Each structure stands twice: as structure tokens, then as C-alpha cells.
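# Examination of the molecular architecture
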Amino acid sequence: SDVCSSDLDSGSSSGSSIIFIEGAGEKYLCYSTFLAICIAIFQQTGGSEVCVYYSPTLLLQAGISDYDTALGYCIIIGFSKLIGDFIGAYLLDRWGRRPLLLLSASGQFLSVVGIGFGLKYGSWIIVLCLLCIFMCFFSIGLGIASYLLCNEILPPQSRARTMGYCIFGKIG
């Protein structure tokens, strides 16, 4: 009872419900479906949501005294994510997926290390700037390229259903 053959033997007559094609491409489709779901989960666990949810708490720990002020600064963090989306959309086809993903991962790593040092030794303004940089780097590569990569590695006949699995994997 292979994962690939279980969907083929379901007896469904609609073409949109068939993910895997019989024959030589079956193993490729299993691999690409698994890879697409892993990319979506990796994108979700990249830390962007933690930054969004806990940025007021991080700013309070960094030295801001008022919770409402910390929430106000979260608008700046969200705006930096939006700027990163525009930069990523502009650079995606010019630089390529891999360089943007590597740039994104490197920038995120350095930002998180900087946030750690900023919380211990710095001030709230350093933490705020590094949170903005983190969100921008996330959006430049991992935030925008993951949806595109998931679609590009899948054949058209299984793209819609597998993207549904990917999105479910991100929110489920």
C-alpha cells in the first residue's frame, strides 16, 4: 500500500482529484509532492509568524515601557515586511530563486543573532531595526519564493490539489 498507489486506486473519475499518474512519473510526483509540502512547512517555520506575534513582547523586553507604544512600532515592522515583498517580487526573476533564498536565509540568521545580542546588550531601537530587517529578509526570499517553488515543481494536473496540501500544512 504505497502512498502513491493509494490515491490512484481511489476510483475517482474526476481528473482534478488524481494527484499521481501511473507509470514512470509516479515516483517523481510522490517526491515533488513531498518536496512541495516540505517547502511550505519550512516557510511557515521560518520565524516570520513568531516575529509578528511576539514583537510587542520583544520590544517590551528591550526597554519600551508602554504596551501601546510597542504595538504602534509593530506597524513599522509590518511595513518593512511589505517593502520586502515588493523587493522580492522585483528581484525574483532578475536574480533567480536560489540567490534570493540564500540571501533571505543569511539575512534572517544574522538578524536573529543581532536581536539576541540587542536584547541582552542593546536598546529597543536596535531590536526594532533588527526585527524590521528580519521581516524584510524573510519577505525577499522565503516569504515570496516558497509559493512559486511549490507551483514550479508540480505538474499542472496535480498542482491545485497539492498546493491545497501545502497550504493546509502551513495552517494545520
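This text goes with the structure placed above it.
Per chain, residues are indexed from 1 in the order of the written sequence. With the structure being a predicted model, the display of local features is reserved for residues of pLDDT at least 70 and the display and counting of side-chain atom pairs for 80 or more, all residues being used for whole-chain, interface and lining totals. Hydrogen atoms and water are omitted, and side-chain values are computed over all heavy atoms in the structure.

### Observations concerning a nonpolar patch on the surface
A surface patch of nonpolar side chains, amounting to about 480 Å² of accessible area, comprises Phe-79, Leu-82, Ile-83, Phe-86 and Ile-87. Helix and strand assignments come from DSSP, with helices taken as H or I runs of at least 4 residues and strands as E runs of at least 2, each series counted from the N terminus. Note on placement: Leu-82 falls in helix α4 (residues 67-95). Every patch collects residues that have over 30% relative accessible area and no salt bridge, joining them within 9 Å if they carry like charges and within 5 Å if they are nonpolar side chains (Val, Leu, Ile, Met, Phe, Trp, Tyr). Every accessible area reported is derived by Shrake-Rupley at a probe size of 1.4 Å, with residue values counting cover from the shown protein chains alone. Within this document, salt bridges are pairs made up of a side-chain nitrogen of Lys or Arg and a carboxyl oxygen of Asp or Glu, the two lying within 4 Å of each other.

### Re the layout of surface pockets
Counted as a void, the largest pocket has a volume near 190 Å³. Definitions used for this entry: grid spacing 1 Å over protein atoms alone; cavity, a set of points where a 1.4 Å probe fits but cannot get out; pocket, an open set with protein on both sides within 12 Å along at least 5 of 7 lines; lining residue, one with an atom within 4 Å of a point. Lining the largest pocket are Ile-39, Phe-42, Gly-46, Leu-101, Leu-102, Ser-104, Ala-105, Gln-108, Phe-109, Leu-142, Ser-146 and Leu-149. At the level of elements, α2 (26-44), α5 (97-121) and α7 (142-152) are the ones that each hand at least two residues to the lining of the largest pocket. Ranked by residues supplied to the lining of the largest pocket, first place goes to α5 with six residues. Gly is put with the polar residues, along with every residue not named as nonpolar or charged; the nonpolar set is Ala, Val, Leu, Ile, Met, Phe, Trp, Tyr, Cys and Pro, and the charged set is Asp, Glu, Lys and Arg. For the lining of the largest pocket, a count of residues per class yields eight nonpolar, four polar and no charged. Grid points are joined across faces, edges and corners, and a volume is the space filled by probe spheres set on the points.

### A word on the state of the cysteines
Cysteine sulfur atoms are paired as a disulfide whenever they come within 2.5 Å of each other. Enumeration over the complete set of coordinates arrives at zero disulfides. No disulfide involves Cys-51; its sulfur sits 8.1 Å from that of Cys-132, the nearest cysteine. Here Cys-136 stays unpaired: no disulfide links it, and the sulfur of Cys-132, its closest cysteine neighbor, is 8.9 Å away. Since its relative accessible area comes to 17%, Cys-136 is described here as buried. Relative accessibility decides the category of a residue: with a 1.4 Å probe and only protein chains considered, values under 20% of the type maximum give buried, values over 50% give exposed, and everything between is partly exposed.

### Re the packing of helix α6 (residues 124-140) against α7
To get an axis, fit a line to the C-alpha atoms, keeping to the stretch in contact for a helix; angles then go from 0 to 180 degrees between the N-to-C directions. With their axes 3 Å apart at the nearest point, α6 and α7 run at an angle of 20° to one another. Comparing the axis directions of α6 and α7 gives the class roughly parallel. Contacts between α6 and α7 involve Phe-138, Ser-139 and Ile-140 from the first element and Leu-142, Gly-143 and Ile-144 from the second. Counted by class, the contact of α6 with α7 contains four nonpolar, two polar and no charged residues. Throughout, the term roughly parallel applies to angles under 35 degrees, roughly antiparallel to angles over 145, roughly perpendicular to angles from 65 to 115, and oblique to all others. We call two residues in contact when some of their heavy atoms are within 4.5 Å.

### Topic: the packing of α4 against α5
The packing of two helices is summarised by the inter-axis angle and the distance between the axes. Relative orientation of the contacting elements α4 and α5 amounts to 130°, with a least axis distance of 7 Å. By the angle class used here, α4 and α5 are oblique. Mapping the contact onto sequence places Gly-88, Leu-91, Leu-92, Asp-93 and Trp-95 in α4 and Arg-97, Pro-99, Leu-100 and Leu-103 in α5. By residue class, the composition of the contact of α4 with α5 is six nonpolar, one polar and two charged.

### Considerations on the packing of aromatic side chains
In this scheme Phe, Tyr and Trp rings, the latter by its six-membered ring, pair at centre separations within 6.5 Å, and the angle between planes marks the pair as stacked below 30 degrees, edge-to-face above 60, and tilted otherwise. Enumeration over the complete set of coordinates arrives at two aromatic pairs. Arranged with centres 6.2 Å apart and planes meeting at 20°, the rings of Phe-117 and Tyr-121 form a pair that is stacked. In this pair, Phe-117 and Tyr-121 are both assigned in helix α5, four residues apart and thus about one turn of the helix distant. The pair Phe-117 / Tyr-121 is uniform in exposure class, with both members exposed. Here, over-ring charges are defined by two tests on the NZ atom of lysine or the CZ atom of arginine: distance to the ring centre within 6 Å, and angle to the ring normal within 35 degrees. Looking at Arg-94, its charged tip hangs above the ring of Tyr-90, at a distance of 3.9 Å from the centre.

### Quick notes on the nonpolar core
Counting 14 residues, the largest nonpolar core has Cys-51, Leu-59, Ile-77, Val-127 and Leu-131 as its most contacted members. Listing elements by their share of this core, those giving two or more residues are α3 (48-62), α4 and α6. When residues no more than four places from it in sequence are discounted, the contact partners of Ile-77 are Cys-51, Ser-55, Leu-59, Leu-128, Leu-131, Cys-132 and Met-135. Nonpolar core, defined: a set of buried Ala, Val, Leu, Ile, Met, Phe, Trp, Tyr and Cys residues in which side-chain atoms within 4.5 Å join the residues together. Counting residues in each nonpolar core, the second largest holds nine residues, with Ile-39, Leu-149, Ile-153 and Met-163 among its members.

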